Amino acid sequence: MRLYCTKDYQKMSRKAAGIIGAQVVLKPDSVLGLATGSTPIGTYEYLIKGYQNKDLDFSEITTVNLDEYKGLSRENDQSYYYFMYHHLFKDININMERVNIPDGTKEDGDAECARYESLIEQYGGADLQLLGLGHNGHIGFNEPADEFVKNTHCVALTESTIEANKRFFTSADDVPRHAYTMGINTIMKAKKILLIVSGEDKAEILKKSLFGPVTSQVPASILQLHKDLVVVADEAAMSLIK
Ligand code: F6R
């Protein structure tokens, strides 16, 4: 594991974008695994700057996103497709035909999960998978549970996740009850994993994830077993790690 501690969120974002940018330069046809949420927004802004400065070319890049709400279409402004388009894809020269996100409109969850899993399998896993960290240690929508779920699957959102996400919707009733997510094995297949973490409210779970026991009760703890894990966290998130 390589651990970088940065002064603040901006510096974390810049460092993470530098690592992703290096991947894009070294292997222009990389498969990038991407995440939504508030943590990667700054990283995506720096990647856009890299494109605008002509340092980065995304024309040969393929992307696979971690997860998507079941029942939301691409046009829905709460869908993760919409998020990715507006925070990154619309501002870089990515070929949208190489963008992959689980299709939230597919009713047959098993079929959609199998399709997505086999697609990632065909790519041989992501070259680099970017991850944020949930307050309970979740990665993607892999929530604390009695066992790890290996492959892409459909999850019922926990009450706490619905509660946490309701701020983005008109009411809690509008928050989708299910989501499609890469499984733990799908994530671990990535050749490199880049975990980005910011803020004091993540300090405890970051410490548990990186230095506590590997357990499905803290899904991110599995990352300790990955052979190329890079963590970029700001001082606040690192405050409990000596
Ligand atoms: C996002 C995702 C989630 C987030 C996590 C942290 O696609 O799968 O696991 O990475 O919930 O979210 P933020 O960054 O908003 O704290």
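The structure displayed is predicted, hence computed values, not measured ones. As a convention, each chain's residues are numbered from 1 in the sequence order in which they are written. The model is predicted, so local features are restricted to residues of pLDDT at least 70 and side-chain atom pairs to those at 80 or more, both for listing and for counting; the totals for chains, interfaces and linings are taken over all residues.

## Overview of the packing of helix H1 (residues 9–26) against helix H2 (residues 41–52)
Rule in force here: Axes here refer to lines fitted to C-alpha atoms; in helices the fit is confined to the stretch in contact. Angles between the N-to-C directions go from 0 to 180 degrees. Secondary structure elements follow DSSP: runs of H or I of four or more residues count as helices, runs of E of two or more count as strands, with numbering from the N terminus. Any angle that falls under 35 degrees is termed roughly parallel, while one over 145 is termed roughly antiparallel, one within 65 to 115 roughly perpendicular, and all others oblique. Left-handed describes a crossing whose near helix is turned anticlockwise from the far helix through less than a right angle; right-handed describes the clockwise counterpart. The contact criterion used is a C-beta to C-beta distance within 7 Å, with each C-beta placed from the backbone. For this classification, Asp, Glu, Lys and Arg are treated as charged, while Ala, Val, Leu, Ile, Met, Phe, Trp, Tyr, Cys and Pro are nonpolar and the rest, including Gly, are polar.
Put simply, H1 and H2 touch, their axes get as near as 8 Å, and they point 55 degrees apart. The orientation of H1 relative to H2 falls into the category oblique. The way H1 lies across H2 gives a crossing that is right-handed. Here Tyr9, Gln10, Ser13, Arg14, Ala16, Ala17, Ile20 and Gly21 of H1 come into contact with H2, specifically with Gly42, Thr43, Glu45, Tyr46, Leu47 and Gly50. Here the residues of the contact of H1 with H2 sort into six nonpolar, six polar and two charged.

## Thoughts on the UniProt feature "domain: Glucosamine/galactosamine-6-phosphate isomerase" (unreviewed entry) in the protein chain
Using the following cut-off: UniProt positions are given in the numbering used here, feature names are shortened, and annotations may be inferred rather than shown by experiment.
Residues annotated in UniProt with the feature "domain: Glucosamine/galactosamine-6-phosphate isomerase" (unreviewed entry) correspond here to residues 30–226. The span residues 30–226 carries 28% helix and 16% strand; its end-to-end C-alpha distance comes to 19 Å.

## Considerations on unusual backbone geometry
Its identity is not glycine, yet Lys54 carries a phi of approximately 70 degrees, on the positive side. Its place among the elements puts Lys54 in the loop between H2 and strand S3 (62–65).

## Side note on the sheet that holds strand S8 (residues 178–181)
Adjacent strands of a sheet form backbone hydrogen bonds with each other and so pair up, either parallel or antiparallel. For the record, the criterion: A pair of strands is treated as paired once DSSP finds two or more bridges between them.
Spatial ordering of the open sheet is given by S4-S8-S7, a layout of three strands whose pairing is antiparallel. In the strand order of this sheet, the two ends are held by strand S4 (67–69) and strand S7 (153–156), each with one partner. With direction set aside, neighbouring strand axes in the sheet form an average angle of 25 degrees. Along the sheet face, helix H4 (residues 109–123) touches S7 and S8 and points at about 20 degrees away from the line of S8.

## A word on the site of the ligand
Threshold: Proximity of a residue to a molecule or strand is defined by its backbone-placed C-beta atom lying within 6 Å of that partner.
The immediate surroundings of the ligand are formed by 13 residues, with Thr36, Gly37, Ser38, Thr39 and Gly132 found nearest. Of the residues assigned to the shell around the ligand, the class counts are four nonpolar, eight polar and one charged.

## Remarks on H2
Put simply, the rule is: Multiplying one less than the number of residues by 1.5 Å gives the expected span of a helix.
Helix length check: H2, at 12 residues, gives a terminal C-alpha distance of 17 Å against a target of 16 Å (1.5 Å per residue), a fit within 8%. The elements touched by buried residues of H2 are H1, helix H3 (80–87) and strand S9 (192–197). Following H2 by one or two positions, Lys54 adopts a phi angle in the positive range, close to 70 degrees.

## Here's the deal with the sheet that holds strand S2 (residues 31–34)
Sheet architecture is open: seven strands sit in the order S1-S10-S9-S6-S2-S3-S5, paired in parallel fashion. Lying at the two open borders of the sheet, with one neighbouring strand each, are strand S1 (2–6) and strand S5 (99–100). Summarising the sheet, S2 and strand S6 (residues 128–131) pair through two bridges and their orientation is parallel. Looking at the pairing, Gly33 lines up with Gln129 of S6.

## A look at the pairing of S7
Heads up, the rule is: Around each residue's C-beta, the other C-beta atoms within 10 Å are counted; 20 or more make the residue buried, 12 or fewer make it exposed, and counts in between make it partly exposed. All C-beta atoms are placed from the backbone.
Where burial is concerned, the two faces of S7 differ: the one with His153 and Val155 is buried and the one with Cys154 and Ala156 is not. Pairing analysis gives four bridges linking S7 to S8, with the strands arranged antiparallel. Each bridged residue has a counterpart across the sheet, and for Val155 the counterpart in S8 is Ala179.

## Remarks on the UniProt feature "active site" (unreviewed entry) in the protein chain
Listed under "active site" (unreviewed entry) in the UniProt record, and renumbered for this structure, are Asp67, Asn136, His138 and Glu143. Mapped onto the secondary structure, Asn136 falls in the loop between S6 and S7. For Asn136, the residues in contact, after removing those within four places along its chain, are Glu143, Pro144 and Ile205. Take His138: it is sitting in the loop between S6 and S7.

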